[in-house]
Amino acid sequence: MAVGVLALQGSFNEHLAALRRIGVKGVEIRKAEQLENVSSLIIPGGESTTMAKLAELHNLFPALREFVKMGKPVWGTCAGLIFLADKATGQKTGGQELVGGLDCTVHRNFFGSQIQSFEAELPVPELAATEGGPPSFRAVFIRAPAILEVGPGVEVLASVSIQSNKNVDFNPALQEGSAESDTSKVIVAVKQGNILATAFHPELTIDSRWHSYFMKMLPSNNEITAASSSSSYYADQESYLYNKQPKTDLPIYE
C-alpha cells in the first residue's frame with residue numbers, strides 16, 4: 001500500500017517529493033474513504049486553523065481519529081503535530097478541533113511569527129543510530145509549535161535550546177544546569193507507539209532520514225520496508241549535498 005499525505009493545505013507536495021526520493025509511493029488524501037487505501041499517513045505543516053476548518057468541512061476528523069486508533073503509523077509535522085496532540089494551548093479565539101492520540105501538550109506558534117522562523121542544528125541520536133548520517137539534523141522552524149509536556153509513554157527524539165525567560169510555562173524538568181541558567185530546552189520531536197511528531201519541517205530539507213525513519217514504523221509492510229532500505233544511495237548523495245549547502249540563511253539557536 002502507498003503512504004497517504006493529507007492534502008488539504010500546506011506542504012503536502014514537499015512530503016510527496018521526499019517520499020519519492022526514498023522510493024516510496026505517496027498519495028494525496030482529501031476524503032475520508034481514501035484513508036482505507038493507505039498503510040500510513042503524514043499530516044503536513046501548514047496553517048493549523050485553516051487545515052482544521054477544511055478537515056471539518058470534509059468530515060475528516062472521525063476517520064482520522066479512527067486511523068490513529070487502528071495503530072497505523074501517523075506522522076505530523078508542524079501543524080500536523082498540533083493536530084495529533086491531545087491538548088493545545090496558544091490557539092486562536094474559539095480554538096480548533098484536534099485529532100488527538102499523542103499524549104502531550106503543544107503550544108501553537110511557540111517560537112513566534114513568520115519573521116521569527118529559523119533553522120537550528122538538533123542533536124538526533126535516535127535518528128542517527130537508526131538511519132545513519134550525521135549526529136545532528138538541520139531543522140527548519142516556520143511559525144513552529146513546541147511540545148510543553150509529554151506523558152510517560154512518549155519518547156523524546158529531539159529538543160532545541162531556548163531562552164528560559166520566554167513567557168510560556170513548560171516542564172521545569174527541561175531546565176539545563178543551575179537555577180540561575182538562562183537556557184532551557186523545549187521538545188520538538190517525539191514518538192509514541194504508532195505516532196511520530198516533529199515541530200519542524202523535514203520535508204523542506206534534502207535530508208530524508210526522518211521519512212526513512214517513519215517508513216520503518218511499519219515493518220510488516222514488505223513493499224515499504226524494501227523501498228525504505230533502498231535509500232542508501234540517496235543518503236550518500238544527500239550527505240554530500242547537505243555539507244555543500246549554505247547554512248547562514250536564517251537565525252540559528254545554538
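Here's a quick rundown of the structure. (Residues numbered from 1 in each chain as written. Predicted model: local features only at pLDDT ≥ 70, side-chain atom pairs only at ≥ 80, totals over all residues. Heavy atoms only, no water.)

Overview of the overall build of the protein chain
This is how it is decided: The helix count covers DSSP runs of H or I at least four residues long, the strand count covers runs of E at least two residues long, and both are numbered beginning at the N terminus. Partly exposed describes any residue whose relative accessible area lies between the buried limit of under 20% and the exposed limit of over 50%, with all areas from a 1.4 Å probe on protein chains only and scaled to the type maximum. The contact definition used throughout considers only heavy atoms, calling two residues in contact when any of these lie within 4.5 Å. Under the convention used here, a 1.4 Å probe and the Shrake-Rupley method define accessible areas, while residue burial counts only the protein chains that appear.
The secondary structure content of the protein chain amounts to eight helices and twelve strands. Burial analysis of the protein chain (254 residues in total) assigns 50% to the buried set. Excluding contacts between residues fewer than 6 apart, the proportion of contacts in the protein chain whose partners are at least 24 apart in sequence is 68%. For the protein chain, the accessible area works out to roughly 11,500 Å², and carbon and sulfur atoms hold 51% of it.

Section: the side chain of S48
Note the cut-off: N or O atoms within 3.5 Å of each other form a polar contact, as long as, within protein, one can give a hydrogen and the other can take it, and as long as residues adjacent in sequence are counted only when both atoms are side-chain atoms.
Along the chain, the position of S48 falls in helix α2 (residues 48–57). S48 sits in the buried class, given a relative accessible area of 3%. Polar contacts involving the side chain of S48 include one to the side chain of R108, which spans 3.1 Å. With near-sequence residues (within four places) excluded, S48 lies in contact with A79, I82, F83, Q96 and R108.

Brief notes about the packing of aromatic side chains
Quick note on the threshold: When two rings of Phe, Tyr or Trp (its six-membered ring) have centres within 6.5 Å they constitute a pair, described as stacked for plane angles under 30 degrees, edge-to-face for angles over 60, and tilted for the intermediate range.
A full pass over the atoms with the stated rule returns eleven aromatic pairs. Between F137 and W210, the ring centres sit 6.2 Å apart and the planes meet at 90°, which makes this aromatic pair edge-to-face. Here F137 is found in strand β8 (residues 136–141), whereas its partner W210 is found in helix α6 (residues 209–215), with 73 residues between them in sequence. Here the two residues F137 and W210 agree in accessibility, since each one is buried. Aromatic rings pair up to connect F110, F111, F118, F137, F141, F200, W210 and Y213 into one cluster.

Concerning the pattern of salt bridges
Put simply, the rule is: A side-chain nitrogen of Lys or Arg and a carboxyl oxygen of Asp or Glu constitute a salt bridge if their distance falls within 4 Å.
Per the stated rule, a full pass over the model turns up seven salt bridges. Taking the shortest distance from any N to any O, the salt bridge between R30 and E28 comes out at 2.6 Å. Using a relative accessible area of 31% as the deciding quantity, one classes E28 as partly exposed. Salt-bridge contacts for R108 lead to E47; the nearest nitrogen and oxygen are separated by 2.5 Å. Here E47 lies in the loop between β3 (38–43) and α2 and R108 lies in the loop between β6 (102–107) and β7 (118–123), a separation of 61 residues in the sequence.

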